[in-house]
Amino acid sequence: MGDIWNGLVQALKLIVHLDPYVMKITLFTLFVCGIATCIGMLLGIPIGSALAIYRFRGRKLLVTLVNAGMGLPPVVVGLFVYLFLKRRGPLGFLSWLYTPKAIIFAEIVLAMPLIAGITMAALQNQNPKIRMQAKSLGAGEARSILTLLRETRLSLVAAVIAGFGGIISEVGAAMMVGGNLTLNNQPYTRTLTTATVLEVSRGDSQMAIALGIILLTITVLLVWVLTLIQQGTLLSQPARVARTLLRGRGREAKA
Amino acid sequence: MSGRKMFPILIVPVLLVALLIAGCGGNKTVARTDLILATTTSTQDSGLLDQWVPMFEAENPYNTKVIAVGSGQAMDMGRNGECDVMLVHSPADEQKLVADGFAINRQAVMHNDFIIVGPPSDPAGIKGTSSAVDAFKAIANTQNKFISRGDNSGTNAKEITVWKSANITPSGTWYVQSGKGMGDTLRIAAEEKAYTLSDRGTYLSMKDQLDLAILSQGDLALFNNYHVMMVNPDKYPDINLAGAQAFEDFVLSPEAQEFLNTYGVDQYGQQLFYPDALSQ
């Protein structure tokens, strides 16, 4: 018990003093997962929408692939990305292995199906009449889809957060393709999860606890935001604030 | 109205892109080439490479990517041209790699020794046994738990040779394979009150956190020597030959070799590695 307590105290000191090593790893993790989520979103939302809206040959196969992709084991993704990116692999000429790009690549593969799958499920649950109604009001194809997406925005945000949460807590793929490296004495491909694994194997539990606390804080914050969105209190908030401001301005103008 | 409704959806990507830009700031690319060093977990877990690599990088334009795996896997990487230079400790396999033409310029870098560690209470009674074979026999006879690396590392290879010399094929519930690096395996042995074979460097660097004692040492069979070698450019012309040569020159240089004489003395009260390329 003494060990845990001591470790916690030292870990909090590392965080409070903004230990440069801990901060670099935290920023790097947010950076990598942020980019991967953005690209995963740019790919996943259109794919999920297309699968939900259109009927075409091969759709069932694609739906199955996306659904299967939602449960991909990170270690397997890591292995395949490794095999593709290694020097003598098909994409070896890129020299991406053991760079942040490799981690981003693997995390996109993990996040994209999650985002596409949740988008697809959410759109399919929407009333299909929304799009017809928009069309009957003169909206074109693209415009009608945008209307549908807008009506589904809560689930889309949830999809993106689920994608981000899935990859930030993942260790297998990041370890295999990133290598958990330092370069020039600075963390280079070291994420919160891979660094934790290393510190545990070295027996530096204080550092491991500090990294763990940060990771836990980030995921708890994500879940909290997700809950607020689900309960509809977060996204209605800006709108309400905006309305109040506008009303206030209107009154001023009158006065 | 519709514009305002879209606003919240736009917040998330904008925030993420902001993070992206913030992250890019700390991620400057330097005009240096990458060098992949495949090595054993003991050189990393003992902290030696944390000291050596920055010394090397300060003088040479190479970004050294240290892939710390078992010696077996490190040499597999060399055989497949997935690394440029290797620092390993599994002499029989190293000689084979050189004989097969996949590695060149094999040079002795440093040595220490393997030690048999276990619970201080020493239930198998091997304390003071100077013969590794006798110690292993006692552990097997009393069926005390033994944690093997089980990962084709240099330490694992040494362990297997000792079992062979003892004419024992270890099996049964007392023989556990961790499949992990030296640091992890030592922690598992401490938790399980088990015996294991470790290189002295990793053990010394972790001994304060572990309830493990050195129980048998000094057998010539437990000599542990590290060699550096580079991937043969005739097999893989695209390796970073200049970088591999520079790294090999560095580890054999008086600077790196003399550093070994001081490394760990202050922190662990004992030298972790002994230089092999100093006297020439």
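Residues numbered from 1 in each chain as written. Chains lettered and ligands numbered in written order. Predicted model: local features only at pLDDT ≥ 70, side-chain atom pairs only at ≥ 80, totals over all residues.

A. Structural context of the overall build of chain A. The secondary structure content of chain A amounts to twelve helices and two strands. Secondary structure elements of chain A, listed N to C terminal, follow the sequence α-α-α-α-α-α-α-α-α-β-β-α-α-α. Here chain A, with 255 residues, has 41% of them falling under the buried criterion. Looking at chain A alone, contacts between residues at least 24 apart form 72% of all its contacts between residues at least 6 apart. (Helix = DSSP H or I, 4+ residues; strand = E, 2+ residues; numbered from the N terminus. Buried ≥ 20, exposed ≤ 12 C-beta atoms within 10 Å, placed from the backbone. Contact = placed C-beta atoms within 7 Å.)

B. Molecular detail of the overall build of chain B. On a plain count of helices and strands, chain B comes out with twelve helices and ten strands. For chain B, buried positions account for 46% of its 280 residues. Counted over contacts in chain B with a minimum sequence separation of 6, partners at least 24 positions apart contribute 75%.

C. Local environment of the environment of Leu 97 of chain A. All names here are of chain A. For Leu 97, the position within the fold is in the loop between helix H4 (74-85) and helix H5 (100-125). By the C-beta count within 10 Å, which is 27 here, Leu 97 ends up buried. Discounting residues that sit within four places of it in the chain, Leu 97 has contacts with Tyr 82, Leu 85, Lys 86, Ala 102 and Val 177.

D. Structural context of the nonpolar core. Core analysis: the largest hydrophobic core is formed by 138 residues, its most contacted members being Ala 106, Ile 115 and Leu 211 of chain A together with Leu 37 and Met 86 of chain B. Here this core gathers at least three residues from each of two domains, domain 1 (33-112 + 225-275) and domain 2 (113-222) of chain B. If sequence neighbours within four positions are ignored, Ala 106 of chain A has contacts with Val 77, Gly 78, Val 81, Ala 173, Ala 174 and Val 177 of chain A. (Core = buried A, V, L, I, M, F, W, Y, C linked by C-beta atoms within 7 Å. Domains from an automatic or database assignment.)

E. Structural context of the domain arrangement of chain B. Residue and element names in this part refer to chain B. Considered domain by domain, chain B is made up of domain 1 (33-112 + 225-275) and domain 2 (113-222). Put simply, the middle of domain 1 and the middle of domain 2, counted by C-alpha atoms, are 25 Å apart. Listed as interface residues are 20 residues of domain 1 and, on the opposing side, 17 residues of domain 2. Of all the secondary-structure elements, those providing two or more residues to the side of domain 1 that touches domain 2 are helix H2 (41-45) and helix H4 (71-79).

F. Here's a closer look at the pairing of strand S2 (residues 62-68) of chain B. All names here are of chain B. The element S2 is largely enclosed, with a buried count of seven among its seven residues. The side-chain alternation of S2 yields two buried faces, one formed by Tyr 62, Thr 64, Val 66 and Ala 68 and the other by Asn 63, Lys 65 and Ile 67. Pairing between strand S1 (residues 33-39) and S2: seven bridges, direction parallel. Paired with Ala 38 across the strands is Ile 67, a residue of S2. (Pairing = 2+ DSSP bridges.)

G. Focus on the packing of H4 of chain A against H5 of chain A. Residues and elements named next belong to chain A. Following both chains from N to C, one finds H4 and H5 inclined at 135 degrees, their axes separated by 10 Å at the closest point. In this view, H4 runs oblique relative to H5, as classed from their interaxial angle. For the pair H4 and H5, the crossing hand works out as right-handed. Contacts between H4 and H5 involve Pro 74, Val 77, Gly 78, Val 81 and Leu 85 on the former and, on the latter, Ala 102, Phe 105, Ala 106, Val 109 and Leu 110. (Axes fitted to C-alpha atoms, helices over the stretch in contact; angles between N-to-C directions. Parallel < 35°, antiparallel > 145°, perpendicular 65-115°, else oblique. Left-handed = near helix turned anticlockwise from the far one by under 90°.)

H. Quick peek at the confidence of the model for chain B. Residues and elements named next belong to chain B. Here chain B averages 88 in pLDDT, and 88% of its residues register 70 or above. For chain B, helix H1 (residues 2-25) is the element with the lowest average pLDDT, namely 51, and strand S3 (residues 85-88) is the one with the highest, namely 97. Predicted confidence is poor over residues 1-8, with pLDDT under 50, and the contacts of this stretch with residues over four places away or in other chains come to nine contacts. Across residues 23-30, where pLDDT falls below 50, the model places six contacts with residues more than four positions away in sequence or in other chains. (pLDDT = per-residue confidence, 0-100.)

I. Fine view of the packing of helix H2 (residues 20-53) of chain A against H5 of chain A. Residues and elements named next belong to chain A. In the contact formed by H2 and H5, the axes pass within 6 Å of each other and the chain directions differ by 35 degrees. Relative to H5, the crossing made by H2 is right-handed. The residue makeup of the contact of H2 with H5, split by class, is 22 nonpolar, eight polar and one charged. (Nonpolar A, V, L, I, M, F, W, Y, C, P; charged D, E, K, R; others polar.)

J. Helix H7 (residues 154-165) of chain B, seen in detail. Residue and element names in this part refer to chain B. Here H7 contains twelve residues, and its C-alpha end-to-end distance of 17 Å stays within 8% of the 16 Å for a straight helix at 1.5 Å per residue. Those residues of H7 that sit buried are Gly 154, Thr 155, Asn 156, Lys 158, Glu 159, Val 162 and Trp 163. Positive backbone phi, at 60 degrees, marks Asn 167, one or two positions downstream of H7. (Expected span 1.5 Å × (residues − 1).)

K. Spatial organisation of the pairing of S1 of chain B. All names here are of chain B. Burial analysis of S1 places five of its seven residues in the buried class, which makes it a mostly covered element. In this structure, S1 lies alongside S3, joined through three bridges in parallel fashion. Paired with Thr 39 across the two strands is Leu 87, which belongs to S3.

L. Broad picture of H5 of chain A. Between its first and last C-alpha atoms H5 of chain A spans 37 Å; for 26 residues at 1.5 Å apiece the expected length is 38 Å, and the two agree. Counting buried residues along H5 of chain A, 22 of its 26 residues qualify, which places the element largely inside the surrounding structure.

M. Inspection of the environment of Arg 106 of chain B at higher detail. All names here are of chain B. Note that Arg 106 resides in strand S4 (residues 103-118). Distance from Arg 106 to Glu 94, taken between C-alpha atoms, is 8.3 Å for residues twelve residues apart in sequence. When near neighbours in sequence (up to four residues on either side) are disregarded, Arg 106 contacts Glu 94, Val 98, His 227 and Met 229.

N. Quick peek at the environment of Lys 135 of chain A. Residue and element names in this part refer to chain A. Relative to the helices and strands, Lys 135 resides in helix H6 (residues 129-136). Classification of Lys 135 by C-beta neighbours within 10 Å gives partly exposed; the count is 14. Expressed as a C-alpha distance, the spacing of Lys 135 and Leu 14, which sit 121 residues apart in the sequence, is 57 Å.

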